[in-house]
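Here's the letter readout for the chains.
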Amino acid sequence: EVGVSYGALTNTDVISGFASIFGEVFRAVLGSSEEVESHYIGSFNAEYYYNFNKTIGLGGIVGFENIGYDYNDKTSKVTNLKENDYYISIMPAFKAHWFNFPHVSMYSKVGVGLTIDHTTYNIKDGRDPSNYSDETNCMLAFQMSPVCVEAGARHLMGFVELGYGTQGMFVFGLRGKF
């Protein structure tokens, strides 16, 4: 089976959100004239599973996500620095069905792998460019989705997943079975 999906509230969205909140508090306490605007697009994913039987499937997940930050001067509203984080995740995954009827099934899935984070900077003020060089890092990728439901025709189904990780807390998409 092959699927495509969109996920909201990924682990990087949640962590960045908390970091933004704490950053705003510290900037307010310190009297900084800088404010940060964050832009999230969520996670776009593709999946493949080989089902050994009606219960167990093994496969993989590939995902893409982008988070951007604009560092602005509060007084002039001029953007001084733009930062973009591009995440590509690759995870082997395991899927177990609770029940599997012809037009509806319920399952859980887990995936663990690697995320490549590429960060780029666009400097628009007098900051030292050597402090903002583009960088690439690797980190753990994971998705734990304990409650997932798919429904539809025998070979084309829509699905909704609730969980946490690289794909998001709320994931929905289409899956083709052949």
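This is a predicted model, so every value here is computed, not measured. (Residues numbered from 1 in each chain as written. Predicted model: local features only at pLDDT ≥ 70, side-chain atom pairs only at ≥ 80, totals over all residues. Heavy atoms only, no water.)

(A) Region of the structure containing the packing of aromatic side chains. Under the definition given, this model contains five aromatic pairs. The interplanar angle of 80° and the centroid separation of 5.0 Å between the aromatic rings of Tyr50 and Phe52 together place this pair among those described as edge-to-face. In textbook terms, an aromatic cluster arises when at least three aromatic residues are bridged by ring pairs, as seen for Tyr6, Phe44 and Phe172. The residue whose ring lies beneath Lys95 is Tyr49, and the NZ or CZ to ring-centre distance is 4.9 Å. The lysine or arginine in question, Lys95, covers the ring of Tyr107, its NZ or CZ lying 4.4 Å from the ring centre. (Phe/Tyr/Trp six-rings, centres within 6.5 Å; stacked < 30°, edge-to-face > 60°. Lys NZ or Arg CZ within 6 Å of the ring centre and 35° of its normal.)

(B) Representation of the confidence of the model for the chain in the model. Summary statistics for the chain give a mean pLDDT of 90 and a share of 92% for residues scoring 70 or more. The spread of mean pLDDT over the elements of the chain runs between helix H1 (residues 11–30), the lowest at 79, and strand S1 (residues 2–8), the highest at 98. (pLDDT = per-residue confidence, 0-100. Helix = DSSP H or I, 4+ residues; strand = E, 2+ residues; numbered from the N terminus.)

(C) Molecular detail of the nonpolar core. Residues Val36, Ile67, Tyr69, Tyr71, Leu81 and Tyr87 constitute the largest nonpolar core, which totals six residues. Per element, the largest residue contribution to this core is three residues, and it comes from strand S3 (residues 56–73). The next biggest cluster of nonpolar side chains, apart from the first, holds five residues, and it includes Tyr49, Ile61, Met91 and Ala141. (Core = buried A, V, L, I, M, F, W, Y, C linked by side-chain atoms within 4.5 Å. Buried < 20%, exposed > 50% of the residue type's maximum accessible area, 1.4 Å probe, protein only.)

(D) Structural context of the side chain of Glu83. Tracing the backbone shows Glu83 in strand S4 (residues 79–100). Those residues in contact with Glu83 that lie beyond four places of it in its chain are Ile67, Gly68, Tyr69, Tyr71, Thr119, Thr120 and Tyr121. (Contact = heavy atoms within 4.5 Å.)

(E) Seen up close, the pattern of salt bridges. If you walk through the whole model with that rule in mind, you get nine salt bridges. A salt bridge links Glu1 to Lys95; the shortest N-O distance between them is 2.5 Å. Taken together, the positions of Glu1 in the segment before S1 and Lys95 in strand S4 put the pair 94 residues apart, joining distant regions of the chain. The pair formed by Glu1 and Lys95 is uniform in burial state, with each residue classed as buried. (Salt bridge = Lys/Arg side-chain N within 4 Å of Asp/Glu carboxyl O.)

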